Every structure is written in C-alpha cells, then in structure tokens.
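Spelled out, the chains give:
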Number of protein chains: 2
Amino acid sequence: MRPIGRVRSVLAARADAPRQADEGAPPAELLLDPEYAAAAADLRPGMRIVILTWFDRADRTTQAVHPRGDRERPPTGVFATRSPDRPNPIGLHEVTVTAVAGTTITVDGLEALNGTPILDIKPVLDAVADR
Amino acid sequence: MRPIGRVRSVLAARADAPRQADEGAPPAELLLDPEYAAAAADLRPGMRIVILTWFDRADRTTQAVHPRGDRERPPTGVFATRSPDRPNPIGLHEVTVTAVAGTTITVDGLEALNGTPILDIKPVLDAVADR
C-alpha cells in the first residue's frame, strides 16, 4: 500500500476533529502525487466522491470502544463502529469536489487530520451515470 | 496492512464477477481470523455493512480505463471509476449480514472473488442509530 497523496487541513490533532463529516468538518485539499495525474484527470467540481484515507494516528490494537467515548455504556466491537481505532485504520469519507487545480482537489467537509495519507478516490455509486 | 480475513465465494475468476453487486453477485462468507473475534462481536444479521477488500488480482499500474470495457469510448481516469485496476486496489462493498457464526459472517450479494483478502468492516452510516 502506497499513499497517492496527503490531506491538507486546518485540523491538526484528533481532539480538533469532529466524529463525522456532518458534525462540522472543514473543507480540505487533497494534494495528490503528480505521478497520478492521469488517474485524477476526470475528477470535476460537483462530483460526489468517496475518499479512502489511512488514519496514521490510530491505535491498531483496539478491538472494542465505548460508543461516543461514554464509559457508562458497554464496549462495542469496532467492526460495528466507525471508530478510527481498528486493526486496519482505513477512513471512508463521502464528500463533494468543489475545485480541481492540476492534482490538487478541494473538497467540502472532511474529518481527516492535516497530513493524513490518501489511499484511493472513487465516485459515489449512485452518482455514476455510466460506470 | 494485514488482512483480517478472506472471502469465501463461488466466484473463482474475474470473468465470473459482475461489475457491481446489483448485477447479480452471489452470497458469500467472510472468514475472519479468530484473533479479531472481539472486533466482530457486535455484527448481527440484518445489519448493513461496508466491506473493504484488497483486489489482489488487480493491475496497479492502470490509471485510465474504457468505461464498461468499451474501446470505442475515451479512457477515464480510474479515480472517477470503480474499476478494480487502480494504484491501491481497495474494493468497497455495501452488503447486508444474513448470518453470524463465530467469526464467519454470511452476507448477501458480494462481487469479490474467492480468497480475496478482507481489510475492514464498518457499519453503513445511515444505518447507525447511535455511533
């Protein structure tokens, strides 16, 4: 697995990040490696995309978490949660492209920290007229 | 990146696989490694989940593909397609859990080949009552 680029964001630390994009994540830039220019060539403003990231600051030994960090509640196995702490900490983010400049892709709310490695970009399926 | 398990499916080769799950993919089993039993403990029949897989038979050098393999049409950058051939060939599959027996999870239609490594399992966000 080799990152295709990195996230540029005002979010610097996990304490700053909202739990989900609909809880107020800021816009961000996807700084893709220029070697992937051909793969990125058909991304356009307005497209709904899924970004796959690698949560490089996650704890990969965690198998269960307390929902919303509430220690009064029983722990839940991480495969039934969206916790970033999990054996393979891959983040899944559905966003809208707002601008494209070469291999720099700007998107609306993204709940990933500055510097987070990007693994892949895919179109949202129901947004694909002809796949 | 270390697989958490493997897919068991009647699909043996890429030629057998439908392009998307809604095109007639067969049920499949997720054979998770028993060391992840705690992470899988809260998966239940009826849950909608996203399975992340590693398309180990993909061509990672491909940056553009002809839509639906139609060579009359112009090639499209893979980040705007769901082609399995891409720099990091991670598959994204939305399915419903139909049975759970220990760390063997049965799901409805899955368009992944027999033996495909599984990287992660997450609940579908709009199906999560309380995350």
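Coordinates for the structure precede this section.
A brief report on the enclosed structure follows. Here the structure is a predicted model, which is why all the values come from computation and not from measurement.

**Some details on the overall build of chain A**
When you go through chain A residue by residue, the secondary structure sums to one helix and eight strands. Reading chain A from its N terminus to its C terminus gives the helix and strand order β-β-α-β-β-β-β-β-β. Relative to its length of 131 residues, chain A is compact, with a C-alpha radius of gyration of 15 Å against a globular reference of 14 Å. Taken along its principal axes, the extent of the C-alpha atoms in chain A is 50 × 30 × 30 Å. Looking at the 131 residues of chain A, the share that counts as buried comes to 50%. Sequence separation of at least 24 residues holds for 74% of the intrachain contacts in chain A that already meet a minimum separation of 6. A total accessible area of about 5,900 Å² is found for chain A, and carbon and sulfur atoms account for 50% of it.

**Quick notes on the side chain of A:N88**
Assignment of secondary structure puts A:N88 in the loop between β5 (76-77) and β6 (90-101). Here A:R60 takes part through its side chain, which lies 2.9 Å from a polar atom of the side chain of A:N88. In this structure, A:N88 is in contact with A:W54, A:R60, B:M1, B:R2, B:P3, B:I4, B:L119 and B:D120, ignoring residues within four places of it in sequence.

**Quick look at the relation of the copies chain B and chain A**
Structural alignment of chain B on chain A gives an RMSD of 0.0 Å, achieved by rotating through 180 degrees and translating 0.0 Å along the axis. These values place the two chain copies in the arrangement generated by a two-fold rotation axis. Considering only C-alpha atoms, the residue of chain B closest to the rotation axis is B:M1, which sits at 3.6 Å. The residues that chain B uses at the interface reappear at the interface of chain A in 100% of cases, marking a shared surface.

**Quick notes on the interface of chain B and chain A**
Counting from both sides, the interface comprises 46 residues of chain B and, opposite them, 46 residues of chain A. Here chain B and chain A share an interface that buries about 4,100 Å² over both sides, 56% of which is from carbon and sulfur atoms. Seen at the junction of chain B and chain A, the total is two salt bridges. The shortest N-O distance in the salt bridge between B:R86 and A:D120 comes to 2.9 Å.

**A short note on the pattern of salt bridges**
Residues and elements named next belong to chain A. The final tally for this structure, using the stated rule, is 14 salt bridges over all chains. E94 is paired through a salt bridge with R48; the nearest N and O atoms lie 3.1 Å apart. Here R48 lies in strand β3 (residues 48-54) and E94 lies in strand β6, a separation of 46 residues in the sequence. We note a salt bridge from K122 to D120, for which the minimum N-O separation is 2.9 Å. For the pair K122 and D120, one class covers both residues: buried.

**Focus: the side chain of B:R82**
Its place among the elements puts B:R82 in the loop between β5 (76-77) and β6 (90-101). Salt bridges are absent for the buried B:R82, whose nearest opposite-charge side chain, B:E111, sits at 6.5 Å. Only 3.0 Å separates the side chain of B:R82 from the backbone oxygen of A:P123, close enough to count as a polar contact.

**What about the sheet that holds strand β3 (residues 48-54) of chain B?**
Residue and element names in this part refer to chain B. In spatial order, the strands read β1-β2-β7-β6-β3-β8; together these six strands close into a barrel with antiparallel pairing. Between one strand axis and the next, the sheet turns through 45 degrees on average, direction left out of account. When β3 meets β6, the two strands line up antiparallel, connected through seven bridges. Within β6, the position partnered with W54 by the bridge is I90.

Scoring rules and cut-offs
Residues numbered from 1 in each chain as written. Chains lettered and ligands numbered in written order. Predicted model: local features only at pLDDT ≥ 70, side-chain atom pairs only at ≥ 80, totals over all residues. Heavy atoms only, no water. Helix = DSSP H or I, 4+ residues; strand = E, 2+ residues; numbered from the N terminus. Rg over C-alpha atoms; globule rule 2.2 N^0.38 Å. Buried < 20%, exposed > 50% of the residue type's maximum accessible area, 1.4 Å probe, protein only. Contact = heavy atoms within 4.5 Å. Areas by Shrake-Rupley, 256 points an atom, 1.4 Å probe, with all protein chains shown as cover. Polar contact = N/O pair within 3.5 Å; in protein donor to acceptor, adjacent residues only side chain to side chain. Least-squares fit on C-alpha atoms with pLDDT ≥ 70 in both. Buried area = accessible area lost by both parts, 1.4 Å probe. Salt bridge = Lys/Arg side-chain N within 4 Å of Asp/Glu carboxyl O. Lys, Arg positive; Asp, Glu negative; His and termini not counted. Pairing = 2+ DSSP bridges. Axes fitted to C-alpha atoms, helices over the stretch in contact; angles between N-to-C directions.

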